[in-house]
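Summary of the model geometry
Here is how the chains run, residue by residue.
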Amino acid sequence: MIRKEAGLAFWLDWVEHRGGLWEDAGNSALALLPAALASELELSEETAVTADPDVAREDGALLLVTGHPVVAKAAESVLAAGDTGTLTLAAPRSVPPDAATLLSKAREYLPVDHGRLDPRADATPERVLRPVLRVGSLVGYELSAEDHFQEQAEVFVDVPSRLRVPARVSERLVRTGRDPRAETALPAGLAAAVDYASTSRPDLAAALAEAHRMLEAAAVLRRDGLAGQLGDAYAKERARAGEYYASAVESLERRAATAPEDRAALLRARIESTREERARRLAEIAEKYRARHTLTPYRLHLLRVPVLRLALDVRRGERRYPLDLDWLLPAGEFAPLRCPACDQSGAPLVAAKTHLGCARCLAPKRPTPHPAPESVPPPRDGAATHAAASAEGAVAPMRAGATAAVGLSAARNAEAAGGAAPRSGGRAKVGRIAEASGTRAASSRPGSRPATPGHAPFPPQRRSVDPQTLQKRAFTFWEHAAGGDRRKLERLCAPDSPAAALLRLYGAAGPRYGIGVDSRERVESCSAVVFPAEGRRGWDGAGGEVRTDRGRHDYLLRWSLGPDRLIAEVLPHQSPYAMNASTMMARYRTGGTEPATRLPRTGAELDPVARLLWQRTPARHGVHLAARALASWWRLTDPRALRERYPAAILAAAAERSACYWSGVGGGGYSDAARLWQVPEAELRKAGMHLQRLLKLTQDQPW
């Protein structure tokens, strides 16, 4: 009965650990404290404690619940001492699987390309102990001057592979009892503990560093999610301060305009001091809402997990490559495995002619295609026909973690990589004259090829970057996104692009929100498939899946066309083919599609037009098209002049319509946009043509 309250139960266990005793009396307990402990807690040696307020009031017992200073002092003592040690887990009492069953499970768990798993000659499964680190930490979040949170975080890391143990395996390890026949006390000194755990000091240090990195990355993601919930309060306080100082400056300027010269000089000095005070106040508000976090490690357990070690050979013809797999007996699964060649994870193994590796390190390099002579005129049938005619020299997309795919048509790649360009024929509809003139203006820019008489000009052929380079950039991008490094992400993203718009809205969490990753999800790994640019409307891209602790999310990165090759877009599709299929279906739905997750509030300072776009466009057309509309709006050099001429709703409707039109999705007509936004169609057409003259959007540049 007395142990129902968590704080009191913890305190009683702590007292018993420190050499005290306690006796349960139903609704209270009598604690006998050693003299040193009683002096430390400033309590009598015989203290009655309870968690019931009525018992404390009637019997005079000390009310101990979570949050009491005595309980807090005990918790601080435990955290300061730490929870370290080695622990040998007990093997289950059930009969372990035999060698044939383990071999069958190994072949299902680890398929090898160009090879086969076979048991090593005269080798039987051997019982050994595999070290696993259990690292726990308290994470303190400081989101503002008033908002503070503290949470517990824990991670299990396999020491030999330095990979995170899956949650289902760690839960089984926690439920497994210790082996009573093994010594579990931590020997004196780190070196003795390492020797006792049957592992090496470098392996243990590397696994501990990896565990810290995982905890840090999870804390950053959690901090960004919590900070996003306070974005509204930060924006309101900043807006109030801005309005206050703006009205003060405006009042001083009116007085200075009609005051005598000597008085006007004093007023101008006050205006400057008011502006400086405004800057200081805004900096104080930003510092007040600056999110921070701290890690306080308190647990470090070195678990010795009983395993069955299966000695195998990866065979390719007469070649044999040794490989050992460990079957975790308490969990009923194989231990994580890294590539023996490149020391990476997540890619299938490949048995090469010289060594054993994975599809990432043994992927063949893409040969550089020979550029077409400049003197050859482009064909009249379009880019797709030209790409199909040169299919013999095309290279299929490269899959990260797999061998190169063979048999894909280059025409299909060119058509898929061309984006979502609308196909129209016959007469142009009323209201699209500005778009057509913008396309002609774009084609006559310096550097474009001269048009053939009687035919429309063709954009120049684009050359793709090496697929391995794109693959590395994709992995680097998601690594920084998972780690919350906004500064490095900004260096990878093109300015004035939809990807930069997501960073401006949510910081490092923007790319994750762009593909539907919830703020409570933790990014664990990702895969990458490279789609090189082919054809005159091709985009270099890389797509795949971002795996979190709660599921998987498709993504597609598209690079800009300039010489810097920066990331321009983060799309919620796995490949250009999926993007084209989604775009084609969206043409028949004026309202677009519903977003996969609910977006948190942004802490960025938005003008009225950008605020309307971010409030309405994601629910109609998705986050990626809203990011395109915002990127085009933020590209304007003088948006204030437009806001003075047109209402904010009309400008937001025009920006959304332009993004829909040049992206080829539903809602690209003026009548559809006027009906969705409830604005006059005539005013919308004027604002749309004005925006097009300023932005010069095209099918190749829809933002």
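Below, the structure is looked at part by part. (Residues numbered from 1 in each chain as written. Predicted model: local features only at pLDDT ≥ 70, side-chain atom pairs only at ≥ 80, totals over all residues. Heavy atoms only, no water.)

1. Remarks on the overall build of the protein chain
For clarity, the threshold we go by: Working definition: helices are DSSP H or I runs of at least four residues, strands are E runs of at least two. Numbering for both runs from the N terminus. The buried label goes to any residue with under 20% of its type's maximum accessible area, the exposed label to any with over 50%, and the partly exposed label to all in between, with areas taken from a 1.4 Å probe on protein chains only. In what follows, residue pairs with any heavy atoms lying within 4.5 Å of each other are defined as contacts. Only the protein chains shown count as covering a residue, and every accessible area follows the Shrake-Rupley method with a 1.4 Å probe.
Secondary structure summary: the protein chain contains 24 helices and 21 strands in total. Burial analysis of the protein chain (703 residues in total) assigns 45% to the buried set. Counted over contacts in the protein chain with a minimum sequence separation of 6, partners at least 24 positions apart contribute 66%. Accessible surface, the protein chain: about 36,200 Å² in total, of which carbon and sulfur atoms supply 51%.

2. Notes on helix H19 (residues 608-621)
Our working rule: To estimate the expected span of a helix, subtract one from its residue number and multiply by 1.5 Å. Fitting one axis to the seven residues ending at a residue and another to the seven starting there, the bend at that residue is the angle between the two axes.
End to end, H19 covers 20 Å across 14 residues, agreeing with the expected 20 Å (1.5 Å per residue, within 8%). The largest bend in H19 comes to about 25°, at Gln615, with the proline Pro618 one to four residues further on. Residues of H19 that are buried sit in contact with helix H16 (498-506), helix H20 (623-634), helix H21 (639-645), helix H22 (648-663) and helix H23 (670-677). Where H19 ends, the next residue or the one after it, Gly622, has phi of about 100°, a positive value.

3. Here we look at the packing of H19 against H22
Rules: Only the contacting stretch of a helix is used when fitting its axis, a line to C-alpha atoms as for every element, and angles between N-to-C directions run 0 to 180 degrees. Throughout this description, any angle smaller than 35 degrees is read as roughly parallel, any larger than 145 degrees as roughly antiparallel, any in the 65 to 115 degree range as roughly perpendicular, and the remainder as oblique. The crossing is said to be left-handed when, going from far helix to near helix, the turn is anticlockwise and less than a right angle, and right-handed when the turn is clockwise. When residues are grouped by polarity, Ala, Val, Leu, Ile, Met, Phe, Trp, Tyr, Cys and Pro land in nonpolar, Asp, Glu, Lys and Arg in charged, and all others, Gly among them, in polar.
Put simply, H19 and H22 touch, their axes get as near as 9 Å, and they point 45° apart. Between H19 and H22, the angle is such that the two are oblique. Considering the relative orientation of H19 and H22, their crossing is right-handed. Each of Pro608, Val609, Leu612, Leu613, Thr617, Arg620 and His621 in H19 lies in contact with H22, whose residues at this interface are Ala648, Ala649, Leu651, Ala652, Ala655, Glu656 and Cys660. Within the contact of H19 with H22, the residues separate by chemical class into 10 nonpolar, 2 polar and 2 charged.

4. A closer look at the pairing of strand E20 (residues 552-559)
We count it as follows: Strand pairing requires that DSSP identify at least two bridges connecting the strands.
With 6 of its 8 residues buried, E20 lies for the most part within the structure. Here strand E19 (residues 541-548) runs beside E20; their pairing, made up of 7 bridges, is antiparallel. Note on E20: the bridge partner recorded for Gly543 is Leu556. With antiparallel pairing between neighbouring strands as the criterion, E19 and E20 make up a hairpin whose turn holds 3 residues.

5. Side note on the nonpolar core
Burial of nonpolar side chains together is a common tendency in soluble globular proteins. Rules: Buried Ala, Val, Leu, Ile, Met, Phe, Trp, Tyr and Cys residues form a nonpolar core when they are joined through side-chain atoms within 4.5 Å.
Ranked by size, the top nonpolar core spans 70 residues in total, and within it Trp478, Leu557 and Trp633 carry the most contacts. Top element by residues in this core is H22. It accounts for 10 residues. Residues within four places of Trp633 in sequence aside, it is in contact with Asp607, Val609, Ala610, Leu613, Pro639, Leu642, Arg643, Leu651 and Leu691. Formed by 19 residues, the second largest nonpolar core is a distinct cluster that contains Val112, Leu312, Tyr321 and Trp327.

6. What about the pattern of salt bridges?
Any two side chains of opposite charge can pair, so long as their charged atoms come close to each other. Our working rule: Take a side-chain nitrogen of Lys or Arg and a carboxyl oxygen of Asp or Glu: if they are within 4 Å of each other, that pair is a salt bridge.
All chains considered together, the criterion is met by 42 salt bridges. A salt bridge links Glu40 to Arg18, with the shortest nitrogen-to-oxygen separation between them at 3.0 Å. In this pair, Glu40 sits in helix H2 (residues 35-41) while Arg18 sits in the loop between helix H1 (6-17) and strand E1 (21-24), placing the two residues 22 residues apart along the sequence. The partly exposed category is assigned to Arg18, whose relative accessible area is 33%. The salt bridge partner of Lys288 is Glu146, with a shortest N-O separation of 3.7 Å. With Lys288 in helix H10 (residues 261-288) and Glu146 in the loop between strand E8 (126-142) and strand E9 (148-158), this pair connects stretches of sequence that are 142 residues apart. The exposure class assigned to Glu146 is exposed, which follows from its relative accessible area of 56%.

7. A short note on the packing of aromatic side chains
The following threshold applies: Stacked, edge-to-face and tilted labels apply to pairs of Phe, Tyr and Trp rings (six-membered ring for Trp) whose centres lie within 6.5 Å, assigned for plane angles under 30 degrees, over 60, and everything in between, in that order. Charge over a ring is defined by NZ of Lys or CZ of Arg lying within 6 Å of the ring centre and within 35 degrees of the ring normal.
What the rule picks out here adds up to 9 aromatic pairs. Here Tyr506 and Tyr513 contribute two aromatic rings whose centre-to-centre distance is 4.8 Å and whose plane-to-plane angle is 85°, an arrangement assigned as edge-to-face. The buried category is assigned to Tyr506, whose relative accessible area is 12%. Exposure remark for Tyr513: the relative accessible area of 6% places this residue in the buried category. Taken together, a centroid distance of 6.0 Å and an interplanar angle of 55° make the contact between Tyr506 and Trp614 tilted. One end of the pair, Tyr506, is in helix H16; the other, Trp614, is in helix H19, and 108 residues separate them in sequence. Overall, the relative accessible area of 9% leaves Trp614 in the buried class. Chaining the aromatic ring pairs together yields one cluster made of Tyr109, Trp327 and Phe334. For Arg504, the ring lying beneath its charged end belongs to Trp634, and the centroid distance is 3.8 Å.

8. Things to note about the sheet that holds strand E3 (residues 46-50)
Sheet architecture is open: 4 strands sit in the order E1-E2-E3-E4, paired in mixed fashion. Strands with a single pairing partner mark the edges of an open sheet, and in this sheet they are E1 and strand E4 (62-63). Pairing of strand E2 (residues 29-32) with E3, which is carried by 4 bridges, proceeds in the antiparallel orientation. Within E3, the position partnered with Leu32 by the bridge is Glu46. Against the sheet, H1 touches E1, E2 and E3, its axis set at about 155° to E3.

9. Focus on the environment of Ser104
Mapped onto the secondary structure, Ser104 falls in helix H5 (residues 99-109). Given the relative accessible area of 38%, Ser104 is considered partly exposed. Along the chain, Ser104 and Asp118 lie 14 residues apart, while their C-alpha atoms are 9.9 Å from each other.

10. Considering the packing of H23 against helix H24 (residues 681-695)
Between H23 and H24, whose axes approach to 9 Å, the crossing angle comes to 115°. As for the relative orientation of H23 and H24, their crossing is right-handed in sense. Residues Tyr670, Ser671, Ala673 and Ala674 of H23 lie in contact with H24, whose contacting residues are Glu681, Leu684, Arg685, Gly688 and Met689. Partitioning the contact of H23 with H24 into residue classes produces 5 nonpolar, 2 polar and 2 charged.

11. Comments concerning helix H9 (residues 231-258)
Note on helix geometry: an α-helix contains 3.6 residues per turn, so any two residues three or four positions apart are oriented the same way. For H9, which comprises 28 residues, the first-to-last C-alpha distance of 41 Å matches the rise-based estimate of 40 Å (1.5 Å per residue) to within 8%. When we look at burial in H9, the residues that qualify are Gly231, Tyr234, Glu237, Ala241, Gly242, Tyr245, Val249, Leu252 and Ala256.

12. As for the sheet that holds strand E14 (residues 349-351)
Overall, mixed pairing links the 3 strands, which are arranged E6-E14-E15 in an open sheet. The open sheet has two edge strands, strand E6 (112-113) and strand E15 (356-358), and neither has a second partner. Bridge analysis of E14 against E15 gives 3 bridges, and the strand direction is antiparallel. Paired with Val350 across the bridge in E15 is Gly357.

13. Concerning the environment of Glu656
As for its placement among the helices and strands, Glu656 is situated in helix H22. What makes Glu656 buried here is its relative accessible area of 2%. Separated by 31 residues in sequence, Glu656 and Leu625 have C-alpha atoms that sit 8.1 Å apart. Setting aside anything within four residues of it in sequence, one finds Glu656 in contact with Leu613, Thr617, Arg620, His621, Leu625, Ala629, Leu676 and Trp677.

14. A short note on the environment of Leu337
Assignment of secondary structure puts Leu337 in the loop between strand E13 (333-334) and E14. Relative accessible area serves as the criterion here: at 25%, Leu337 is assigned to the partly exposed category. Once the C-alpha coordinates of Leu337 and Ser161 are considered, the two residues, 176 residues apart in sequence, prove to be 5.9 Å apart. In this structure Leu337 touches Tyr109, Leu110, Leu163, Leu323, Leu325, Ser345 and Leu349, once residues within four positions along its chain are discounted.

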